[in-house]
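# Report on the structure
The residues making up each chain are set out below.
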Amino acid sequence: TALQTREQYLSILRSRFKVLAQYVVDCLTKYGICVIDKFLGEVTGHEILKEVLQLSSAGVMRQGQLVHGPSSSSNKYIRGDMITWVDGTEPRSENIHFLISCMDAVMLQCADKLEMYRINERTKAMVACYPGRKTRYVRHVDNPNGDGRCITCIYYLNENWDVRQHGGLLRIYPEGSDRVASIEPKFDRLLFFWSDRRNPHEVEQSFRERYAITVWYYDAEERAQALKRFKGSTDSSMKPHAVPLIKEGQDLQ
Ligand SMILES: O=C(O)CCC(=O)Nc1cc2ccccc2cn1
Ligand SMILES: [Mn+2]
């Protein structure tokens, strides 16, 4: 029956995530960066893209908040992405929820192998679109001041992306190395990298709409320390939601 097929599909996915997790741990430990291609396959990838395009056409994507300079006049160009935060329980976002549960499934398998971290929570998912027109994201570090986020996880949704025509290359400059990682925002590609100062990165100008879904995983200890430091502060950027990872069987059914 269809249910048995789905069961088989999910059990194959689970055993694959176990193998993937070891690869993610090895790559992160060695390079601080890990790329997985064909993460969920064409069909699921397209279902997720459809839901993202619906979000985009529903007009819920907002200009990513600009980091103002000392005065709004010096509001130098920082980023051109349009974003919206989802937790996957919104209507017509079952496939985005499935993606997040698969990211969590891989992370849960990695969590006990990345001994320097205890990963028990993450942010909601940020759906981002670079609308083309030369929009980009200047060089930055995701978590420069120990806010708790230890791993950045990005899923790209761009079919037939050609960097020469469309730009939008992600460049990561691993700290202490003269090598630069150039990552194309390819369809059904999953990327992990340390969120802290080890991985300054930038998105080069995009000439075509460029979609991605990002989740940041928290290290429990660093997060607890950060919350103590920022206790009671009004700094909303410090209060990005922290939600528990989707445990296996909770969604991968
Ligand atoms: O799309 C990519 O290849 C990466 C883009 C990227 O770095 N996005 C990003 C987006 C962010 C949004 C809010 C706060 C920090 C943020 C840091 N980075
Ligand atoms: Mn970033």
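It should be noted that the structure appears before, not after, this text.
This text gives an overview of the structure that appears in the document.

Here is what the cut-offs are and how they apply
- Once a new chain begins, its residue numbering starts again from 1 and follows that chain's sequence as written.
- As they are written, the chains are lettered A onward and the ligands numbered 1 onward, keeping that order.
- Only residues with pLDDT of 70 or above have their local features reported here, since the model is predicted, and side-chain atom pairs are shown and tallied only from 80 upward, although totals for entire chains, interfaces and linings are computed over all residues.
- In computing side-chain properties, one takes all heavy atoms of the structure into account and sets aside hydrogens as well as water.
- For each residue, the accessible area found with a 1.4 Å probe, counting protein chains only, is set against the maximum for its type, and the residue is called buried under 20%, exposed over 50%, and partly exposed in between.
- The helix count covers DSSP runs of H or I at least four residues long, the strand count covers runs of E at least two residues long, and both are numbered beginning at the N terminus.
- Read the arc as the range of directions from the helix axis to the C-beta atoms.
- Here, residues are in contact when the closest pair of their heavy atoms is within 4.5 Å.
- When a carboxyl oxygen of Asp or Glu lies within 4 Å of a side-chain nitrogen of Lys or Arg, that pair is called a salt bridge.
- Note on terminology: near, applied to a residue and a molecule or strand, indicates that one of the residue's heavy atoms is within 4 Å of it.
- Two N or O atoms count as a polar contact when they lie within 3.5 Å, although within protein this holds only if one can serve as hydrogen donor and the other as acceptor, and sequence-adjacent residues are included solely when both atoms are side-chain atoms.
- Areas reported as accessible are Shrake-Rupley estimates using a 1.4 Å probe. Residue values count occlusion only from the protein chains shown.
- Under the scheme applied here, ten amino acids are nonpolar (Ala, Val, Leu, Ile, Met, Phe, Trp, Tyr, Cys and Pro), four are charged (Asp, Glu, Lys and Arg), and all others, including Gly, are polar.
- Note on pairing: two strands pair once DSSP finds at least 2 bridges between them.
- Buried Ala, Val, Leu, Ile, Met, Phe, Trp, Tyr and Cys residues form a nonpolar core when they are joined through side-chain atoms within 4.5 Å.
- Excluding water, the donors of a metal are its N, O and S neighbours within 2.8 Å, or within 3.2 Å for Na, K and Ca, and that exclusion means sites may look incomplete.
- Each Phe, Tyr or Trp ring (for Trp, its six-membered ring) is paired with any other whose centre lies within 6.5 Å, and the angle between the two planes then decides the class: stacked below 30 degrees, edge-to-face above 60, tilted in between.
- Only when the NZ atom of a Lys or the CZ atom of an Arg is both within 6 Å of the ring centre and within 35 degrees of the ring normal do we say a charge sits over the ring.
- Here, axes are lines fitted to C-alpha atoms. For helices the fit covers the stretch in contact, and angles between N-to-C directions go from 0 to 180 degrees.

## Thoughts on helix 5 (residues 220-229)
- Buried within helix 5 we find Ala220, Arg223 and Ala226. The arc that holds every buried residue of helix 5, seen down its axis, measures 130°, which confines them to one face. Residues of helix 5 that are exposed and angled more than 90 degrees away from the buried face: Lys228 and Arg229.
- Buried-residue contacts for helix 5 involve strand 4 (119-122) and strand 12 (210-219).

## Topic: the pattern of salt bridges
- Following the criterion strictly, the structure yields seven salt bridges and no others.
- For the salt bridge of Asp104 with Arg122, the shortest nitrogen-to-oxygen distance reads 2.9 Å. With a gap of 18 residues between them, Asp104 in helix 3 (residues 94-111) and Arg122 in strand 4 connect regions that are remote in the sequence.
- Across the pair Asp196 and Arg198 runs a salt bridge whose closest N-O atoms are separated by 2.9 Å.

## Here we look at the site of ligand 1
- Looking at ligand 1, there are 13 residues lining it, with His140, Asp142, Tyr156, His201 and Arg210 nearest.
- His140 is positioned such that a nitrogen or oxygen atom in its side chain is 3.0 Å from a nitrogen atom of ligand 1.
- Take Asp142: an N or O atom from its side chain is 3.1 Å from a nitrogen atom of ligand 1.
- Taking 430 Å² as the accessible area of ligand 1 by itself, protein coverage stands at 89%.
- Those elements that place two or more of their residues in the shell around ligand 1 are strand 5 (125-130), strand 6 (135-140), strand 7 (149-156), strand 11 (201-206) and strand 12.
- In terms of residue class, the shell around ligand 1 is built from eight nonpolar, two polar and three charged.

## Some points on the pairing of strand 4
- With three bridges connecting them, strand 4 and strand 12 associate as antiparallel partners. Paired with Ile119 across the strands is Asp219, a residue of strand 12.
- The pairing of strand 4 with strand 13 (residues 243-244) spans two bridges and is classified as antiparallel. Paired with Glu121 across the strands is Pro244, a residue of strand 13.

## Topic: the nonpolar core
- In terms of nonpolar packing, the biggest core is built from 50 residues, with Phe39, Ile119, Ile151 and Phe192 touching the most fellow members.
- Elements with a minimum of two residues in this core: helix 1 (2-31), strand 1 (33-36), helix 2 (42-57), helix 3, strand 5, strand 7, strand 10 (189-194) and strand 12.
- Counting residues per element, this core draws most heavily on helix 3, which supplies 11 residues.
- If you look at the next biggest cluster of nonpolar residues, it comprises 13 residues, including Tyr156, Leu170, Phe193 and Val203.

## Description of the coordination of the manganese ion (ligand 2)
- Around the manganese ion (ligand 2), the protein supplies His140 (NE2), Asp142 (OD) and His201 (NE2) as donor atoms, at distances of 2.1 to 2.2 Å.
- Mapping the donors of the manganese ion (ligand 2) onto the primary sequence yields the spacing H-x1-D-x58-H.

## Remarks on the packing of aromatic side chains
- Taken as a whole, this structure holds five aromatic pairs when the rule is applied.
- Where Trp85 meets Trp216, the ring centres are 6.1 Å apart and the plane angle is 45°; that geometry is what we call tilted. Taken together, the residues Trp85 in strand 3 (residues 82-86) and Trp216 in strand 12 connect sequence positions 131 residues apart.
- An aromatic cluster of at least three residues, connected via ring pairs, comprises Phe17, Phe39 and Tyr155.
- Between Arg149 and the ring centre of Trp216, over which it is positioned, the NZ or CZ distance is 4.9 Å.

## Description of the sheet that holds strand 8 (residues 170-172)
- The strand order 6-11-8-9 describes an open sheet built from four strands, whose pairing is antiparallel. The open sheet has two free edges, formed respectively by strand 6 and strand 9 (181-183), since each of these has just one partner strand. Each neighbouring strand pair of the sheet contributes to a mean axis angle of 20°, computed without reference to strand direction.
- For strand 8 and strand 11, the ladder comprises three bridges, and the chain directions are antiparallel. From the neighbouring strand, Ile172 faces strand 11, where its bridge partner is His201.

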